[in-house]
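One letter stands for each residue in the lines below.
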Amino acid sequence: MSHNTFGHLFRVTTWGESHGAAIGCVVDGCPPQLAISEAEIQTWLDKRRPGQSRFVTQRQEPDQVRVLSGVMAGGDDGTLITTGTPIALHIDNVDHRSKDYSDIESRYRPGHADYTYEAKYGIRDHRGGGRSSARETAMRVAAGGIARKVIAGMTVRGALVQMGEHKIDRANWDWDEVDRNPFFCPDAEAATHWEPYLDGIRKAGSSVGAVVEVIAEGVPAGLGAPIYGKLDSDLAMALMTINAVKGVEIGNGFGAASITGEENADEMRMGNDGQPVFLSNNAGGILGGISSGQPVVARFAVKPTSSILTPRRTINRAGEEIEIVTKGRHDPCVGIRAVPVGEAMMACVLADHLLRHRAQIAE
Ligand SMILES: Cc1cc2nc3c(=O)[nH]c(=O)nc-3n(C[C@H](O)[C@H](O)[C@H](O)COP(=O)(O)O)c2cc1C
């Protein structure tokens, strides 16, 4: 199985399965002499970690990260200095219950990769979905922690802006709220409504979809490239690789299809500091595949968790028509834990483009 690597100059390769001994990644191309620490990478992983509220899977994985290579000790406080060589990151899997999955060894769960993996490879690791499990996304988050060091000066933040049909009120957007509720929701009022709503979904053994928005600020003008190396196409690709993501928008996205050219124009004026000022940001900070200096804005739609307790019709390996109930411990809304994953993917893409940019400009 190839295609476990993404990025060009900031290159991330992940390995491991949900029910194997461990998961890990190699971050290659990270510039030397950056100060990183396991503790800081851990803070990002802790945002994605399961078992933190009743609204996410009750798997108890501490997701304790270890940096195995590519660094030298930079002091007694745990600071590590990158050496420019491959950085290997490692997390042990500690809470897997493979027996939860014995029922599905020969059955194809609707909405999962069971049928397609088997159709392609003729073999599949049915324990927790193997490589298709979102357990792999922990390593993206760890790699994102290093990417954030490469793009120091840029801020990448994500939030849940819609759960099921319930959207936030953008007038209430407050980044400080994101860490005050279990949904990464920037609208305190919406979060209070989401709580009983998701409780109902969870108790019914059902699930619901969501929309995540990721915004990068402090991105200088000029990152990206024309045609096949567009910043927006790389971002869309990176976000689309996240499990359960079924749609990606940049800036106004699909909304651009229903407005006029006058409404869509991000008009420009000259600022007092001699830099251009855009009067709106329908473009999501990217024009012609190159960042404009405005915030880079991306949204992605996450489908409802496929593992639900209501029986669904499917088939088994023998071709028999059966019904299936997916037991085990699952997120009622995977969009919640997809927020830190989306942030990490945005950070990795920006880090990659920052390094590519340096290779493409005049001194
Ligand atoms: C953070 C995160 C956690 C997830 N947890 C679950 C889960 O508990 N149960 C489930 O059915 N799907 C879960 N998924 C989604 C599946 O991994 C995904 O739907 C499946 O592998 C099929 O891939 P696809 O939806 O991208 O086509 C999760 C996704 C993310 C991003």
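Engineer: An account of the overall build of the chain is requested, with residue identities and associated values reported.
Structural biologist: A tally of helices and strands in the chain yields seven helices and 19 strands. Relative to a compact globule of 363 residues, whose C-alpha radius of gyration would be 21 Å, the chain shows 21 Å and is just as compact. C-alpha extents for the chain along the principal axes are approximately 65 × 50 × 40 Å. Residue burial in the chain is summarised as follows: out of 363 residues, 48% are buried. Of the contacts made within the chain by residues no fewer than 6 positions apart, 70% connect residues no fewer than 24 positions apart. Total accessible area on the chain stands at roughly 17300 Å², and carbon and sulfur atoms take up 52% of it.

Engineer: Quick rundown of the sheet that holds strand β12 (residues 245-250)? Include the residues and the values.
Structural biologist: Strand order in this open sheet of five strands is β10-β9-β11-β17-β12, and the pairing throughout is antiparallel. For this open sheet the edge positions go to β10 (166-167) and β12, each flanked by a neighbour on one side alone. Pairing of strand β9 (residues 155-163) with strand β11 (residues 210-217), which is carried by eight bridges, proceeds in the antiparallel orientation. Across the sheet, residue A159 finds its bridge partner in β11, namely E213. Relative to β9, helix α4 (residues 188-203) is tilted by about 60°, and along the sheet it contacts β9 and β10. Where helix α5 (residues 231-240) meets the sheet, its contacts fall on β12 and β17 (296-302), and the angle it forms with β12 comes to roughly 155°.

Engineer: Describe the sheet that holds strand β1 (residues 5-6), and please don't skip the residues or the numbers.
Structural biologist: A sheet is described by the order of its strands in space; here five strands give the open sequence β1-β2-β3-β8-β5, paired in antiparallel fashion. Of all strands in the sheet, those with a lone pairing partner are β1 and β5 (65-67), marking the two edges. Where β5 and strand β8 (residues 87-92) come together, three bridges link them in antiparallel fashion. Its bridge partner lying in β8, V65 is registered against I91. Most of the contacts of helix α1 (residues 38-48) go to β5, to which it runs at about 145°, and overall it touches β5 and β8.

Engineer: How would you sum up the packing of aromatic side chains? Please name residues and give values.
Structural biologist: By the definition in use, this model includes five aromatic pairs. Ring centres 5.1 Å apart and planes at 70° place the aromatic pair W173 and W175 in the edge-to-face group. For the ring pair F183 and W194, a centre distance of 5.9 Å and an interplane angle of 70° mean the geometry is edge-to-face. On the criterion of sequence distance, the pair formed by F183 in the loop between β10 and α4 and W194 in helix α4 is long-range, its members being eleven residues apart.

Engineer: Before we move on, could you go through empty space enclosed by the protein and cite the residues and values that matter?
Structural biologist: Scanning the model with the defined rule gives two cavities of 30 Å³ or more in all. Its volume calculated, the largest cavity comes out at about 40 Å³. If you go around the largest cavity, the residues you meet are W44, V141, G144, G145, R148, P340, E343 and A344. Contributing elements (two or more residues each) for the lining of the largest cavity: α3 (137-150) and α7 (334-358). Considering every element that reaches the lining of the largest cavity, the biggest residue donor is α3, with four residues. For the lining of the largest cavity, the per-class residue count stands at four nonpolar, two polar and two charged. Of the pockets and cavities examined, the second largest cavity occupies roughly 40 Å³.

Engineer: Quick rundown of the site of the ligand? Include the residues and the values.
Structural biologist: Near the ligand you find 15 residues, and of these H112, S132, A244, K303 and S307 are the closest. Here an oxygen atom of the ligand sits 2.9 Å away from a polar atom, N or O, in the side chain of H112. D331 has a polar backbone atom sitting 3.3 Å from an oxygen atom of the ligand. In isolation the ligand has 630 Å² of accessible area, and contact with the protein removes 85% of it. The residue makeup of the shell around the ligand, split by class, is four nonpolar, eight polar and three charged.

Engineer: Please provide a residue-by-residue account of unusual backbone geometry, values included.
Structural biologist: The phi torsion at H3 lies on the positive side, around 65°, for a residue other than glycine. Along the chain, the position of H3 falls in the segment before β1. Assessed through its relative accessible area of 77%, H3 is described here as exposed. With a phi close to 55°, F184 is a non-glycine residue in the positive phi region. With relative accessibility at 11%, the residue F184 sits in the buried group.

Rules used in this analysis
- Residues numbered from 1 in each chain as written.
- Predicted model: local features only at pLDDT ≥ 70, side-chain atom pairs only at ≥ 80, totals over all residues.
- Heavy atoms only, no water.
- Helix = DSSP H or I, 4+ residues; strand = E, 2+ residues; numbered from the N terminus.
- Rg over C-alpha atoms; globule rule 2.2 N^0.38 Å.
- Buried < 20%, exposed > 50% of the residue type's maximum accessible area, 1.4 Å probe, protein only.
- Contact = heavy atoms within 4.5 Å.
- Areas by Shrake-Rupley, 256 points an atom, 1.4 Å probe, with all protein chains shown as cover.
- Pairing = 2+ DSSP bridges.
- Axes fitted to C-alpha atoms, helices over the stretch in contact; angles between N-to-C directions.
- Phe/Tyr/Trp six-rings, centres within 6.5 Å; stacked < 30°, edge-to-face > 60°.
- 1 Å grid on protein atoms, 1.4 Å probe; cavity = no way out; pocket = protein on both sides within 12 Å on 5 of 7 lines; lining within 4 Å.
- Points joined across faces, edges and corners; volume = space filled by probe spheres on them.
- Nonpolar A, V, L, I, M, F, W, Y, C, P; charged D, E, K, R; others polar.
- Near = heavy atom within 4 Å.
- Polar contact = N/O pair within 3.5 Å; in protein donor to acceptor, adjacent residues only side chain to side chain.

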